[in-house]
Amino acid sequence: MSKTQKTAPSPLDDRAREVADRLHRQNRRQLLGSAVPALREAVKAKVGTGQWDWTATASGKEMLQDKMVAIDPEKAALCHLLCRSAAARTVVEIGTSYGVSTIYLAAAVRETGGLVIGTEHEAGKVAAAERTLAEAGVGEYAEILTGDLRETLPPRLTELEQQGRPVDFVLMDIWIPMALPALEILTPHLRPGALVVCDNVISGATDYADYLERVRSSGDFLSVTVPGQGGIEISMKL
Ligand SMILES: C[S@@+](CC[C@H](N)C(=O)[O-])C[C@H]1O[C@@H](n2cnc3c(N)ncnc32)[C@H](O)[C@@H]1O
């Protein structure tokens, strides 16, 4: 009798899965290697700013400049499945980094006839993500906006809106202080029923307080929290 795997198999084809699995392994090694410096940065941030979030401090930003900080494979697979189930055509990724999650989203819109709009501040990460997506065979299904999303995203969303393409799905996977500003930019462009998946809302609950208040209590969204691996919040635009 064959042994049952703990989790469902990857939804990616062989070519994309090989690239994604290699990057997931690289990400795990990077996370292990930076655990102690990350803790040091968190303590420094708490002392200096009163918050554990160290992504906004100068030394924290410097340390993160070349780090992947990629989403877990099971969460990426869930996003892939949700995009396909919703027949999502316009997918926005808030925080692309080296493009690990983007592989899953781009593979989904290849099936739905859509496009992923990625956003990434660091030009070096964008170049790496573009190589990753090409290697995975999904490069033509994603474009990545380079720079601060507060500047790059609004004009692109307006263009899409003018083409009759509201946003169907969002993966929110960014330094926490940027999550609410990104959501406010996106909200007028979300179609009713659009899904916004936000990563690590349980492990980062204190720092996500304003974001969570918005999706849980404003009346604009119906929201559920899925525990496990830091938790995710799935919010549907009403
Ligand atoms: C958690 S990582 C994204 C990981 C990616 N989703 C994955 O699973 O591979 C967050 C990324 O957001 C980027 N970022 C942070 N602030 C940004 C901003 N204002 N505009 C665009 N990108 C930003 C960071 O450079 C970082 O690479």
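Residues numbered from 1 in each chain as written. Predicted model: local features only at pLDDT ≥ 70, side-chain atom pairs only at ≥ 80, totals over all residues. Heavy atoms only, no water.

**What about the overall build of the protein?**
Then, in step 1: Secondary structure summary: the protein contains 9 helices and 7 strands in total.
Then, in step 2: In terms of overall size, the protein behaves like a compact globule, its C-alpha atoms giving a radius of gyration of 17 Å where 238 residues would be expected to give roughly 18 Å.
Then, in step 3: Summarising its shape, the C-alpha atoms of the protein cover approximately 50 × 50 × 40 Å along the three principal directions.
Then, in step 4: Taken over 238 residues, the protein has a buried fraction of 50%.
Then, in step 5: For the protein, contacts bridging at least 24 residues in sequence account for 72% of all contacts bridging at least 6.
Then, in step 6: Total accessible area computed for the protein in this model is approximately 11700 Å², and 55% of it derives from carbon and sulfur atoms. (Helix = DSSP H or I, 4+ residues; strand = E, 2+ residues; numbered from the N terminus. Rg over C-alpha atoms; globule rule 2.2 N^0.38 Å. Buried < 20%, exposed > 50% of the residue type's maximum accessible area, 1.4 Å probe, protein only. Contact = heavy atoms within 4.5 Å. Areas by Shrake-Rupley, 256 points an atom, 1.4 Å probe, with all protein chains shown as cover.)

**Some remarks on the pairing of strand β2 (residues 115-120)**
Then, in step 1: Within β2, 6 of the 6 residues are buried, leaving the element largely enclosed by the surrounding structure.
Then, in step 2: Taking every second residue as pointing to the same face, both faces of β2 are buried, with Leu-115, Ile-117 and Thr-119 on one and Val-116, Gly-118 and Glu-120 on the other.
Then, in step 3: Bridge count for strand β1 (residues 90-94) against β2 is 5 bridges, and the pairing is parallel. Paired with Val-91 across the two strands is Val-116, which belongs to β2. (Pairing = 2+ DSSP bridges.)

**A few points about the site of the ligand**
Then, in step 1: With respect to spatial proximity, 21 residues lie near the ligand, and among them Ile-71, Gly-95, Ser-101, Glu-120 and Asp-173 are the closest.
Then, in step 2: Ser-101 places a polar side-chain atom, nitrogen or oxygen, 2.8 Å from a nitrogen atom of the ligand.
Then, in step 3: The separation between an oxygen atom of the ligand and a polar side-chain atom of Lys-125 is 2.8 Å.
Then, in step 4: Summarising the interface, the protein chains cover 96% of the accessible area of the ligand, which totals 600 Å² for the free molecule.
Then, in step 5: Its residues assigned to classes, the shell around the ligand shows 9 nonpolar, 6 polar and 6 charged. (Near = heavy atom within 4 Å. Polar contact = N/O pair within 3.5 Å; in protein donor to acceptor, adjacent residues only side chain to side chain. Nonpolar A, V, L, I, M, F, W, Y, C, P; charged D, E, K, R; others polar.)

**Describing the pairing of strand β4 (residues 167-172)**
Then, in step 1: Counting buried positions along β4 gives 6 out of 6 residues, so the element sits mostly inside the fold.
Then, in step 2: Examined bridge by bridge, β1 and β4 share 4 bridges and lie parallel to one another. Within β4, the position partnered with Val-92 by the bridge is Val-170.
Then, in step 3: In this structure, β4 lies alongside strand β5 (residues 190-199), joined through 5 bridges in parallel fashion. Bridge pairing in β5 links Val-170 to Val-196.
Then, in step 4: With helix α8 (residues 179-186) bridging β4 and the parallel β5, this β-α-β connection has right-handed handedness. (Right-handed = clockwise from strand over helix to strand, strands pointing away.)

**Some points on the sheet that holds strand β7 (residues 232-237)**
Then, in step 1: The mixed open sheet is built from 7 strands, whose spatial order is β3-β2-β1-β4-β5-β7-β6. The outermost strands of the open sheet, each flanked by one partner alone, are β3 (142-146) and β6 (221-226). For this sheet, the mean inter-axis angle between neighbouring strands, taken without regard to orientation, is 15°.
Then, in step 2: Contacts from α8 reach β1, β4, β5 and β6, with the element oriented near 175° to β4.
Then, in step 3: Along the sheet, helix α9 (residues 209-217) contacts β4, β5, β6 and β7; its crossing angle with β6, the most-contacted strand, is approximately 125°. (Axes fitted to C-alpha atoms, helices over the stretch in contact; angles between N-to-C directions.)

**A closer look at the domain arrangement of the protein**
Then, in step 1: We note that the domain assignment places domain 1 (14-64) and domain 2 (73-237) within the protein.
Then, in step 2: On a C-alpha basis, the centres of domain 1 and domain 2 stand 20 Å from each other.
Then, in step 3: Contact between domain 1 and domain 2 buries roughly 1300 Å² in total, counting both sides, with carbon and sulfur atoms accounting for 61%.
Then, in step 4: Three residues, Arg-15, Leu-23 and His-24, lead the burial of domain 1 against domain 2; their summed loss comes to 33% of the area buried on that side.
Then, in step 5: Our count for the domain 1 to domain 2 interface comes out at 1 salt bridge.
Then, in step 6: Arg-22 is paired through a salt bridge with Glu-135; the nearest N and O atoms lie 2.9 Å apart.
Then, in step 7: On the surface where domain 1 and domain 2 come into contact, there are 5 residue pairs in polar contact (both at pLDDT 80 or more). (Domains from an automatic or database assignment. Buried area = accessible area lost by both parts, 1.4 Å probe. Salt bridge = Lys/Arg side-chain N within 4 Å of Asp/Glu carboxyl O.)

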